Amino acid sequence: MTKREDPQVRGVTLALGAAAAIALVCAAVLSARDLTLESGIAIAVLGVFAALATMFDVDIQTRIGLSGNAMFLIAALVVFREDRQFLGVAIVGVLGAIDYVQLRKREFHKVSINASNDCLALLAAATACWAVANGPNPQQIRLLVGVAIGAAVYFTCQSLLLGIPLSILRSEAYFPALQELLKVNMTAYPFAVLGLGLGWVYLELGAVVVPLLVVPILIARSTFASYLELRAAQEQTIQTLILALEAKDRYTAGHAHRVATFCEYVGTELGFGNNRKERLRYAALMHDIGKLIVPNQLLNKPGRLTESEFERVRRHEGVSVELLRRIDFLSPIAGDTTTEAATAAVEGTGLVEPAIIHVADAFDAMTSTRSYRKALSQETAFEELRSGAGTQFNADCVEALIQAIERRGEHYGAGFEVDVHEWDVAPPETGTGSAGLGDVLPDRSRERAAQQ
């Protein structure tokens, strides 16, 4: 049974369709008698161009696309505001969800879900917008605030409704799907501002102005699509390297993902913006990529490393830095991801990102089982981090990580390991180190050479 045939998907489609049908009937009762030729032309023009914008949407995530139709939908709030034409708004919402590509693929359930969502969300947006920008000639600031609130209501309602079928199609929990939709819709919010301008110009100059705006919309769409393609290429590059690392050593790859998660926690605590957090996450994923050149027998050696083995393992830091330098948006911090750079950050003379990765790396190393010892408890790991704060670790980063984990009620370490790895030799209860590679054995060959 495919997802489109899933009874849950059919049920959600029918439920949303029924709710939208009821909303359309109510809208007709409220405003059908006020429908004029002028408003009919506005419905046709805005609806057709909203549908055209939908057909040229841009894929943001799997099963999620972003189009410029939001501009035409929000413009409808302005155009139909004075007459309170709820029916016009509802029809534009339905028309704007018609995607020729989906119809050609016979994906009628998607068209129905999107049309129902947009109809309901746009009616809710109109109610909120017109409540603020009431009267025949509201002040410009009130109209601006009203449209801004209406756009926020539209995107929120659309996310709340669309999150239900999306979570079913993806077989995942509702709230992660909702968070992703809200994030995507935040990207589309600038189109709402354009919608205010389009609606105002439409009222001043009529329907002839709408086609004149198609060219700049397509240019903006093309530019945005290029940006997304670049980001997708960056993501694919990093994921390919992570897959290569995972093929070599599954434990190291899992460790990289956990370190990235902890870094994101710290970035949030320190008030990083989304772009800075994203760069930090990518750098964390790549921080151990140089271990691709390290033999597995050294990575997973149960006992102490000799001096020569330790130096060979440490070469991965330089390889990791060189790879980061070759990725444009990570290159600004590529030279600061080594242990020396983390120490500089502790002393307040370098970027804080390396210090964050250093703390997150140490915490995961302590709370996961490694070849040289089993996982420590979370409490022990916290104590180790705090004892090294100000010397080995950046104190602010240590406290930020601990507070973030405690606030989320999460537990890691002995009894709470998130990644159980099968080792060829069972690791001991205690080992030669906690956050790093452990103590280094003298190189026997050097001892023998010295004796001779």
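These numbers were taken from a predicted model, which means no experiment stands behind them.

What counts and how
- Residues numbered from 1 in each chain as written.
- Predicted model: local features only at pLDDT ≥ 70, side-chain atom pairs only at ≥ 80, totals over all residues.
- Heavy atoms only, no water.
- Helix = DSSP H or I, 4+ residues; strand = E, 2+ residues; numbered from the N terminus.
- Buried < 20%, exposed > 50% of the residue type's maximum accessible area, 1.4 Å probe, protein only.
- Contact = heavy atoms within 4.5 Å.
- Areas by Shrake-Rupley, 256 points an atom, 1.4 Å probe, with all protein chains shown as cover.
- Phe/Tyr/Trp six-rings, centres within 6.5 Å; stacked < 30°, edge-to-face > 60°.
- Core = buried A, V, L, I, M, F, W, Y, C linked by side-chain atoms within 4.5 Å.
- Salt bridge = Lys/Arg side-chain N within 4 Å of Asp/Glu carboxyl O.
- Axes fitted to C-alpha atoms, helices over the stretch in contact; angles between N-to-C directions.
- Parallel < 35°, antiparallel > 145°, perpendicular 65-115°, else oblique.
- Left-handed = near helix turned anticlockwise from the far one by under 90°.
- Nonpolar A, V, L, I, M, F, W, Y, C, P; charged D, E, K, R; others polar.
- Polar contact = N/O pair within 3.5 Å; in protein donor to acceptor, adjacent residues only side chain to side chain.
- pLDDT = per-residue confidence, 0-100.
- Patch = residues over 30% accessible without salt bridge, like charges linked within 9 Å, V, L, I, M, F, W, Y side chains within 5 Å.
- Lys, Arg positive; Asp, Glu negative; His and termini not counted.
- Charge placed at Lys NZ, Arg CZ, Asp CG, Glu CD.
- Disulfide = S-S within 2.5 Å.

As for the overall build of the chain
Within the chain, the regular secondary structure consists of 21 helices and four strands. Out of the 452 residues belonging to the chain, those deemed buried represent 45%. Summarising the internal contacts of the chain: among those between residues at least 6 apart in sequence, 72% fall at separations of at least 24. Accessible surface, the chain as shown: approximately 22300 Å² in total, 58% of it carbon and sulfur.

Quick look at the packing of aromatic side chains
The full count for this structure, using the stated rule, is 10 aromatic pairs. Note on Phe-262 and Tyr-412: the rings are 5.0 Å apart at their centroids and 90° apart in plane angle, and the pair reads as edge-to-face. Of this pair, Phe-262 sits in helix α12 (residues 250-269) while Tyr-412 sits in the loop between α20 (395-408) and β4 (440-441), placing them 150 residues apart in sequence. You can call Phe-262 buried: its relative accessible area is 1%.

Some words on unusual backbone geometry
The bulk of non-glycine residues show a negative phi, and the bulk of peptide bonds are trans. We note that Arg-84 has phi near 50°; this positive angle belongs to a residue other than glycine. The exposure class assigned to Arg-84 is partly exposed, which follows from its relative accessible area of 28%.

As for the nonpolar core
By size, the foremost hydrophobic cluster in this structure holds 49 residues, and its most contacted members are Leu-46, Phe-72, Leu-77, Phe-80 and Val-210. Going through the elements one at a time, α1 (7-31), α2 (37-55), α3 (69-79), α4 (86-95), α6 (108-132), α7 (140-170), α9 (190-205) and α10 (209-212) are the ones with two or more residues in this core. In this view, Phe-80 contacts Ser-39, Ala-42, Ile-43, Leu-46, Gln-85, Gly-88, Val-89, Val-92 and Trp-130; residues no more than four positions away in its chain are not counted.

Overview of the pattern of salt bridges
Taken as a whole and assessed by the stated rule, the structure comprises six salt bridges. Between Asp-364 and Arg-258 there is a salt bridge, with its nearest N and O atoms 2.6 Å apart. With a gap of 106 residues between them, Asp-364 in helix α18 (residues 353-366) and Arg-258 in helix α12 connect regions that are remote in the sequence. Note that Glu-353 is salt-bridged to Arg-276, the shortest N-O span being 2.7 Å. Here Glu-353, found in helix α18, pairs with Arg-276, found in helix α13 (residues 274-286); they are 77 residues apart in sequence, far enough to count as distant. Salt bridges sharing partners connect three or more residues here, namely Arg-276, Arg-279 and Glu-353.

Details of the packing of α1 against α7
Relative orientation of the contacting elements α1 and α7 amounts to 165°, with a least axis distance of 9 Å. Accordingly, the angle class assigned to the pair α1 and α7 is roughly antiparallel. Read as a crossing pair, α1 and α7 show a hand that is left-handed. Counted together, Gln-8, Val-9, Val-12 and Leu-16 of α1 and Leu-161, Ile-164, Pro-165, Ile-168 and Leu-169 of α7 form the full contact between these two elements. Here the contact of α1 with α7 is built from residues that sort into eight nonpolar, one polar and no charged.

Some remarks on the environment of Arg-258
Arg-258 gets classed as buried once you look at its relative accessible area, which sits at 10%. Along the sequence, Arg-258 and Asp-364 sit 106 residues apart, while their C-alpha atoms lie 7.1 Å from each other. A polar contact of 2.6 Å, which involves the side chain of Arg-258, links it to the side chain of Asp-364.

Observations concerning the packing of α1 against α6
Here α1 crosses α6 at 40°, and the two axes come no closer than 9 Å. Between α1 and α6, the angle is such that the two are oblique. Viewed along their axes, α1 and α6 form a crossing whose handedness is left-handed. In this structure, α1 uses Val-9, Thr-13, Leu-16, Gly-17, Ala-19, Ala-20, Ala-23, Leu-24 and Ala-27 to contact α6, whose residues at the interface are His-109, Ser-112, Ile-113, Ser-116, Asn-117, Cys-119, Leu-120 and Leu-123.

Here we look at the confidence of the model for the chain
Per-residue confidence for the chain gives a mean pLDDT of 78, with 72% of residues at or over 70. The low-confidence segment residues 58-65, where pLDDT is below 50, has 26 contacts with residues more than four positions distant or belonging to other chains. Across residues 433-452, where pLDDT falls below 50, the model places 37 contacts with residues more than four positions away in sequence or in other chains.

Remarks on a negative patch on the surface
On the surface, Asp-34, Glu-38, Glu-82 and Asp-83 cluster together into a negatively charged patch. Structurally, Glu-82 can be placed in the loop between α3 and α4. Judged by its relative accessible area of 53%, Glu-82 falls in the exposed class.

Some words on a nonpolar patch on the surface
On the surface, a cluster of nonpolar side chains totalling about 320 Å² of accessible area is made up of Ile-141, Leu-144, Val-145 and Ile-149. Structurally, the position occupied by Leu-144 is in helix α7. Classification of Leu-144 as partly exposed rests on a relative accessible area of 44%.

A word on the environment of Glu-379
With respect to the helices, strands and loops of the structure, Glu-379 is situated in helix α19 (residues 378-387). Separated by 34 residues in the primary sequence, Glu-379 and Gly-413 place their C-alpha atoms 8.7 Å from one another.

With respect to the side chain of Asp-118
Among the secondary structure elements, Asp-118 is positioned in helix α6. Lys-110 provides the closest opposite charge to the buried, salt-bridge-free Asp-118, at an N-O distance of 15 Å. Setting aside its immediate chain neighbours within four residues, Asp-118 contacts Asn-69, Leu-73, Gly-93, Ala-97, Tyr-154 and Gln-158.

Things to note about the state of the cysteines
Within this structure, the stated rule accounts for zero disulfides. Distance from the sulfur of Cys-263, which forms no disulfide, to the nearest cysteine sulfur (Cys-397) is 8.9 Å.

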